[in-house]
Amino acid sequence: MNTLLRYAALTAAIFLILSASAGCWSRRELNDISIVAGTALDKTNDPDIFRITAQIIRPANIGTPGRGSGRGQEKVFLNVSETGTETFEIIRKMARKVSRRLYWSHNEALIIGEALAREGVRKHLDFFYRDNETRLNVMVFVARGEAANTLSPSAQLESIPAYDLYRLSKIQAVNSLSPNVDLRDFLQTLLSKTTSAVLPVIELIEQEGETGLAITGAVAFKGDKIIGELTPDEIRGYLWITNKVQSGIILIDCPAGEGAASLEIIRSSASITPEIKDGILQFTVKVREEGLLGSQNCPLDLTEPETWSALEKKQRDAIYKEISLALKKAQELNTDIFGFGNKVYRRYPSVWKNIEQDWDSIFPGLEVTIEIQSRLRRSGEITRTIVPE
Amino acid sequence: MLNYLLKIGSLLRGKQKNFRSSENPPPLTGKDILGPGLQHNLELLRGLLGDNPDFIFREFLIGNSLHAALIFLDGMADKTTVNESILQPLMYDSRLVASRHSTANADIETLDKTLLAVGEVIKSSHLSEIVRGCLSGKTILLIDGCSQAVIVNTQGWETRSITEPMTEAVVRGPREGFTENLRSNTTMLRRKIKNPALTLETVTLGRESRTDLCIAYIKGVANPKLIREIRYRLQRIDTDAILESGYIEQFIEDNPYSPFSSVGNSEKPDVVAAKILEGRAAIFTDGSPFVLTVPMLFIEGFQSSEDYYSRPFYASIVRLLRFLAFFISTLSPALYVALSTFHQELIPTALLLTMASAREGVPFPAVVEALIMGVIFEILREAGVRLPRPVGQAISIVGALVIGDAAVSAGLIGAPMVIVVALTAIASFVIPSHTDIQSILRFLILIFASVLGIFGISIAILLIMIHLCSLRSFGAPYLSPLSPLSPGDLKDTFIRAPLWAMSLRPRTIGWKSPRRQKYLLRPRTPPDLEKERDSTS
């Protein structure tokens with residue numbers, strides 16, 4: 001019993017000392033932190049100095065239903081800007097303007113100004129990979145013009161622009177006309193010597209007298225710099241090759257007569273295979289796709305198998321066109337956005353060692369075979385058309 | 001400080017001198033016996049019993065000449081029996097006997113055999129036995145010239161009738177509950193198990209209270225070592241009074257310093273019968289409707305008698321639900337505090353925003369909030385239990401209004417915390433037998449969580465698990481069948497398998513005679529009937 005009491009006293013003492021001396025390690029109350037929802041990086045006139053704008057949530061203005069405060073009247077966010085030479089320095093400096101410690105785990109969008117992205121972003125991003133609070137699933141965008149401006153549009157569904165942008169980016173999968181890139185993907189391209197990224201472009205648009213935000217295209221990088229812009233067809237082609245098409249509409253002309261048809265992509269997969277034949281490096285891009293007839297305005301008789309094969313041919317041609325456009329553009333810009341080099345490294349590591357240095361001269365002249373297997377599966381709820389034949 | 005601790009230690013050890021009040025008469029020994037003279041004996045007993053108004057000394061004549069006296073305790077002896085089955089035969093009917101025998105030298109044997117119309121009669125000359133009998137409601141018959149007394153069992157006093165117990169409410173199952181009367185309690189058990197192997201051993205404890213206890217078990221099913229151990233632990237108890245089975249529990253439990261209870265209790269005969277049939281032993285205490293059962297496993301708190309009366313599917317879901325409720329009630333405030341003060345990154349963004357907006361303007365840290373709400377809830381609960389029923393309602397209204405609504409709209413407490421505490425409170429009532437431990441664990445884990453977040457919760461859970469693994473109850477590992485693992489018994493742990501599939505008794509308890517029923521008892525059509533059906537179809 002005596003020993004038991006002594007143990008109890010000892011345990012209590014240790015517990016007290018530990019909890020008192022360690023403090024409450026990294027404890028922070030919810031009302032001591034300010035949640036960062038989105039971040040924008042911009043160039044300033046001074047080449048050594050850049051600007052970070054953080055979108056911070058003002059929880060007091062988020063109305064809880066029933067309490068009747070906030071919602072709609074007052075802004076639920078606050079954009080704070082600070083300039084400096086290094087990311088973390090700038091972020092810490094923000095404490096001059098924000099009374100609570102910035103909290104980065106719920107940062108969901110990283111927007112890079114176009115001008116900055118043309119100069120190179122590598123050196124500004126270290127913090128976002130290194131810090132323990134920041135996450136790698138932050139969506140990365142390039143903004144047309146000033147990135148900071150895209151953090152305060154007025155026409156949006158979500159009350160916090162950065163979160164709206166995040167959801168906007170996720171929904172783009174229905175069209176597959178812009179890539180979805182998060183920090184992890186971007187980091188992989190930054191770490192690779194040959195592979196480069198394609199980032200979606202966002203810009204402010206006017207609609208009904210309000211400023212809205214739209215994803216309007218994509219830019220191709222070479223290393224950490226923008227090297228060129230891609231057209232929608234090229235973007236889709238890029239997504240086909242890199243196996244990132246999830247859904248989307250392929251618009252084709254009617255096989256016979258006037259009009260057009262929209263074919264929905266319901267399934268797709270792609271593979272890139274490098275091969276060395278007679279000492280020459282060749283690539284085969286295989287794309288398998290399944291689609292369905294989403295809607296059409298041409299007088300088609302869908303009960304005829306010939307109509308189907310005609311449609312399937314059109315579909316295949318459209319995909320082929322998109323892929324070849326993307327390949328052509330990438331080779332013109334001489335940026336390996338598809339990760340061809342990486343494929344060579346995986347399959348022929350010893351060959352890769354020799355050609356890695358010369359990849360920039362090899363890539364533009366690469367021969368790529370495109371193989372497409374595409375199918376049209378269904379025609380929706382009706383077989384006949386409502387357009388008179 | 002140390003001296004203070006040592007002092008407490010010595011107090012707990014019970015080292016203080018055993019002193020007995022000097023006014024009490026010296027204890028009776030077996031040597032004190034009756035003499036032949038009636039008056040002498042009466043004086044002797046008057047001296048022992050004192051002149052209390054409730055001891056009745058009735059002197060009368062058997063037949064016409066034989067002096068005799070009845071001594072009984074008013075209120076504890078049944079008056080009808082005393083009057084009609086003892087006094088009447090002795091005073092009137094004895095004359096009929098007298099026609100054949102001479103009453104004058106009628107010996108006690110004849111009286112006993114011909115005149116006492118009562119079932120249970122013993123003869124004794126030991127004063128200690130006579131006094132104890134008288135105190136427990138028996139009637140003492142003293143006859144002049146006889147150095148033996150007849151102790152007639154006339155016990156009968158006012159008791160509460162058998163009602164549905166307040167605890168352990170069931171939808172399906174027997175509604176009767178134990179009462180304060182030992183004999184009627186054991187009778188209820190006997191009615192469930194009609195087997196002479198059901199053994200009842202009586203022990204009397206309590207220097208002043210002389211409370212009767214009854215150890216009940218089935219010979220051949222219960223482990224004899226267990227019974228020996230219970231006997232030993234009970235006999236060690238040398239205290240002044242046993243007022244409730246809780247007294248016994250604290251004197252015999254394995255782990256007096258653990259917050260976990262290692263002695264089970266129940267108010268329902270069917271529950272106690274089931275436990276005895278699994279190989280446990282029950283301890284009935286006179287004056288308490290709560291019957292103790294040992295050994296008790298941790299898992300027993302999650303088992304309800306209704307699980308076995310309803311079909312296995314729903315019973316299994318409910319069983320799992322109880323585990324969930326246990327975790328909710330012990331962990332949820334801690335998890336809330338850990339997540340909202342240490343690991344905000346684990347909270348989905350939308351939820352985090354809602355929580356942050358609810359915490360806006362709340363003056364206390366989350367852990368203080370949780371402690372305040374937890375303590376208020378415990379106070380409300382205690383008040384609700386103690387207060388008379390009509391006032392209790394007022395308490396619940398005040399509680400609901402003040403902590404439910406006003407505290408939130410006044411900005412003292414965040415709304416999510418109210419939800420967490422309310423959830424905790426409701427969940428803790430799902431496992432009634434572990435309610436006390438849940439409150440303790442909740443605060444313990446909460447404190448760990450407030451210092452170290454989820455690490456703290458993990459440490460606390462580890463400590464608790466280590467402690468639980470080290471516990472035993474009357475030889476049975478407290479965490480069995482989980483640790484040590486006995487796979488067969490998992491049929492009745494997280495789920496409840498059909499009764500026909502559980503052919504064996506729990507291994508750690510009923511291993512002396514493991515087989516409970518035949519194997520292959522799954523319901524099936526008789527083979528001949530099946531053949532008939534096959535041929536017709």
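Here the structure is shown first, and the text comes after it.
To keep things clear, this report deals only with the structure shown in the data block. Bear in mind that the values here come from a model prediction, so they are computed numbers and not experimental data.

## Observations concerning the overall build of chain B
The helix and strand inventory of chain B stands at 18 helices and 12 strands. Relative to its length of 537 residues, chain B is extended, with a C-alpha radius of gyration of 31 Å against a globular reference of 24 Å. C-alpha atoms of chain B, sized along the principal axes, occupy 105 × 85 × 45 Å. Expressed as a percentage of the 537 residues in chain B, the buried residues total 46%. Looking at chain B as shown, the accessible area adds up to about 27,900 Å², and 61% of this sits on carbon and sulfur atoms. Separation between the mean location of the 55 positive side-chain charges and that of the 51 negative ones in chain B comes to 8 Å.

## Topic: the packing of helix 7 (residues 232-241) of chain A against helix 8 (residues 305-333) of chain A
All names here are of chain A. Look at helix 7 against helix 8: their axes get within 7 Å of each other, and the N-to-C directions meet at 95°. Between helix 7 and helix 8, the interaxial angle falls into the category roughly perpendicular. Contacts between helix 7 and helix 8 involve Asp233, Glu234, Arg236, Gly237, Tyr238, Trp240 and Ile241 from the former and Ile319, Lys321, Glu322, Ile323, Leu325, Ala326, Leu327 and Lys329 from the latter. Grouping the constituent residues of the contact of helix 7 with helix 8 by class yields 8 nonpolar, 1 polar and 6 charged.

## Structural notes on the interface of chain A and chain B
Facing 31 residues of chain A, the contacting portion of chain B comprises 35 residues. Where chain A meets chain B, there are 3 salt bridges. Notably, a salt bridge pairs A:Arg100 with B:Glu360, separated by 2.7 Å at the nearest N-O pair. Summed over the shared surface of chain A and chain B, the number is 13 residue pairs in polar contact (both at pLDDT 80 or more). Mapped onto the side of chain A that touches chain B, the elements with two or more residues apiece are helix 1 (2-22) and strand 1 (33-43) of chain A. Sorting elements by how many residues they give to the side of chain A that touches chain B places helix 1 of chain A first, with 6 residues. Class assignment for the residues of the side of chain A that touches chain B results in 17 nonpolar, 7 polar and 7 charged.

## Describing the pattern of salt bridges
In the structure shown here, the tally under the stated rule is 47 salt bridges over all chains. As a salt-bridge pair, A:Asp360 and A:Lys222 come within 2.7 Å of each other at their nearest N and O atoms. Placement of A:Asp360 in helix 11 (residues 359-362) and of A:Lys222 in strand 8 (residues 210-222) is noted, with a sequence separation of 138 residues between them. The closest approach of N and O atoms between B:Glu378 and B:Arg381, which form a salt bridge, is 3.2 Å. Residue B:Glu378 and its partner B:Arg381 are located together in helix 13 (residues 366-386), separated by 3 residues, close to a single helical turn.

## Regarding unusual backbone geometry
Generally, phi is negative for residues other than glycine and the peptide bonds are trans, each holding for most cases. A cis amide bond, omega -10°, links B:Val294 with the succeeding residue B:Pro295. With respect to the helices and strands, B:Pro295 occurs in the loop between strand 10 (291-294) and helix 10 (305-309). Between B:Ser480 and B:Pro481 the backbone carries a cis peptide bond, its omega angle lying at 10°. Residue position: B:Pro481 is located in the loop between strand 12 (476-477) and helix 17 (507-510). You will see that A:Asn243, though not glycine, has its phi angle at about 60°, which is positive. Even without a glycine there, the phi angle at B:Phe474 is positive, about 45°.

## Some words on the sheet that holds strand 13 (residues 367-378) of chain A
Residues and elements named next belong to chain A. Ordered in space as 10-11-12-13, the 4 strands form an open sheet in which the pairing is mixed. The open sheet has two edge strands with one neighbour each: strand 10 (248-253) and strand 13. When strand polarity is set aside, the average angle formed by the axes of neighbouring strands in this sheet is 35°. Pairing geometry for strand 10 and strand 11 (residues 260-277), over 6 bridges, is antiparallel.

## Here we look at the pairing of strand 9 (residues 281-285) of chain B
Sheet faces and side chains relate simply in a regular strand, where the side chains alternate between the two faces. Residue and element names in this part refer to chain B. Where burial is concerned, most of strand 9 is hidden: 5 out of the 5 residues are buried. Burial of the side chains of strand 9 extends over both faces: Ala281, Ile283 and Thr285 are buried on one face and Ala282 and Phe284 on the other. Where strand 7 (residues 211-218) lies against strand 9, 4 bridges are found, and the strand directions are antiparallel. Paired with Cys214 across the strands is Phe284, a residue of strand 9. Where strand 9 hands over to strand 10, the hairpin turn is made up of 5 residues, of which Gly287 adopts a positive phi near 95°.

## Points about helix 14 (residues 389-409) of chain B
All names here are of chain B. Here helix 14 is 21 residues long and its end C-alpha atoms lie 29 Å apart, about the 30 Å a rise of 1.5 Å per residue gives. The sharpest bend along helix 14 measures roughly 30° and falls at Val402. The complete set of buried residues in helix 14 reads Gly392, Gly399, Ile403, Ala407 and Val408. Contact partners of the buried residues in helix 14: helix 13 and helix 15 (415-428). Positioned one or two residues after helix 14, Gly411 has a phi angle of 80°, which is positive.

About the criteria used
- Residues numbered from 1 in each chain as written.
- Chains lettered and ligands numbered in written order.
- Predicted model: local features only at pLDDT ≥ 70, side-chain atom pairs only at ≥ 80, totals over all residues.
- Heavy atoms only, no water.
- Helix = DSSP H or I, 4+ residues; strand = E, 2+ residues; numbered from the N terminus.
- Rg over C-alpha atoms; globule rule 2.2 N^0.38 Å.
- Buried < 20%, exposed > 50% of the residue type's maximum accessible area, 1.4 Å probe, protein only.
- Areas by Shrake-Rupley, 256 points an atom, 1.4 Å probe, with all protein chains shown as cover.
- Lys, Arg positive; Asp, Glu negative; His and termini not counted.
- Charge placed at Lys NZ, Arg CZ, Asp CG, Glu CD.
- Axes fitted to C-alpha atoms, helices over the stretch in contact; angles between N-to-C directions.
- Parallel < 35°, antiparallel > 145°, perpendicular 65-115°, else oblique.
- Contact = heavy atoms within 4.5 Å.
- Nonpolar A, V, L, I, M, F, W, Y, C, P; charged D, E, K, R; others polar.
- Salt bridge = Lys/Arg side-chain N within 4 Å of Asp/Glu carboxyl O.
- Polar contact = N/O pair within 3.5 Å; in protein donor to acceptor, adjacent residues only side chain to side chain.
- Pairing = 2+ DSSP bridges.
- Expected span 1.5 Å × (residues − 1).
- Bend = angle between axes of the 7 residues up to and from the residue.

These results come straight from atomic positions and should not be treated as a statement about function.
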